[in-house]
Amino acid sequence: METFEIRADHDRESIVVYQAYGRAIGEPAVAAGRFVHPFSRGRMTWIKPSFLWLMGRSGWARKPGQEMVLAVRITREGWEKALRQAVLTSPDRRVYADGAVWRERMKTAPVRVQWDPERTLRGAHLDARSIQVGLSRHIIDEYADDWTLGITDLTPTARKIHDLLRQGRDDKARALLPPEKVYPLPEDLALSLGMRA
């Protein structure tokens, strides 16, 4: 049975989301502690609180254009503001009365949410679903200027974990993973994101 759960590195005030970029974007962002040129504010950017999901997507920071793994610490207030403006990327009948309602909301949605299979340490898909949040150009300034508290380069950690996996040292690799625990959401917000039956 599929489960929909947000697991993340979070505290009372903030949550960590992950992104992978090429060095041209990643290095200035890490140096400034926020997103600066040539980071684009004119296109959708996707943020994910699951480290292992991003590792599967970025090939452990080895795919072209995804050579740097960034841990972006943002405010919980900003995170939940984004989720409250989100529309699911598919017309889930538990959330939308019909396809027409969903299509109408999609036209103006500043944020999109997609649920993808969570990954194991070795990249296999799980029944658990992991959230991916797309921020459009209509809200990206808030993400970059108001919500972001700091940006850390996790590329060395990602590559170290991958090297340990290639050596068959899974326990040592697992010990280096960023901490993730269930992120609690208000019931109405969980319902709007399709997290409840």
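Residues numbered from 1 in each chain as written. Predicted model: local features only at pLDDT ≥ 70, side-chain atom pairs only at ≥ 80, totals over all residues. Heavy atoms only, no water.

Peer 1: Any chance you could break down the pattern of salt bridges for me, citing the residues and the numbers?
Peer 2: Within the structure shown, the criterion is met by 15 salt bridges. Of the charged contacts, one joins Arg 122 and Asp 170 as a salt bridge, the two residues approaching to 2.8 Å between their closest N and O atoms. Highlighted residues: Arg 122 in the loop between β7 (111–119) and β8 (125–135) and Asp 170 in helix α7 (residues 170–175), separated in sequence by 48 residues. When salt bridges that share partners are traced, they join Asp 9, Asp 11 and Arg 73 into one network. (Salt bridge = Lys/Arg side-chain N within 4 Å of Asp/Glu carboxyl O. Helix = DSSP H or I, 4+ residues; strand = E, 2+ residues; numbered from the N terminus.)

Peer 1: Give me the lowdown on helix α2 (residues 51–58), citing residues and values where you can.
Peer 2: Most of α2 is tucked away, with six of its eight residues classed as buried. Listing the buried residues of α2 in full gives Phe 51, Leu 52, Trp 53, Leu 54, Met 55 and Ser 58. Contacts made by the buried residues of α2 are with β3 (14–21), β5 (68–75), β7, β8 and α6 (155–166). Where α2 begins, the capping side chain belongs to Ser 50, and its oxygen is found 3.1 Å from the backbone nitrogen of Trp 53. Of the residues trailing α2, Gly 59 is marked for its positive phi of about 65°. (Buried < 20%, exposed > 50% of the residue type's maximum accessible area, 1.4 Å probe, protein only. Contact = heavy atoms within 4.5 Å. Polar contact = N/O pair within 3.5 Å; in protein donor to acceptor, adjacent residues only side chain to side chain.)

Peer 1: I'd like a rundown of the environment of Gln 132, residues and numbers included.
Peer 2: Relative to the helices and strands, Gln 132 resides in strand β8. Using a relative accessible area of 5% as the deciding quantity, one classes Gln 132 as buried. As a C-alpha pair, Gln 132 and Asp 9 span 123 residues in sequence and 15 Å in three-dimensional space. The residues touching Gln 132, leaving out its near neighbours within four places in the chain, are Trp 46, Ile 47, Lys 48, Trp 53, Arg 57, Arg 112, Val 113, Gln 114 and Asp 116. Polar side-chain contacts of Gln 132 include one of 2.6 Å to the side chain of Asp 116.

Peer 1: Break down the side chain of Thr 45 for me, with residues and values.
Peer 2: With respect to the helices, strands and loops of the structure, Thr 45 is situated in strand β4 (residues 45–47). At 2.6 Å, the side chain of Thr 45 forms a polar contact with the side chain of Gln 19. Discounting chain neighbours no more than four positions away, the residues touching Thr 45 are Gln 19, Tyr 21, Phe 39, Val 133, Gly 134, Leu 135, Ile 140 and Tyr 143.

Function cannot be read off these values alone, since they describe shape.
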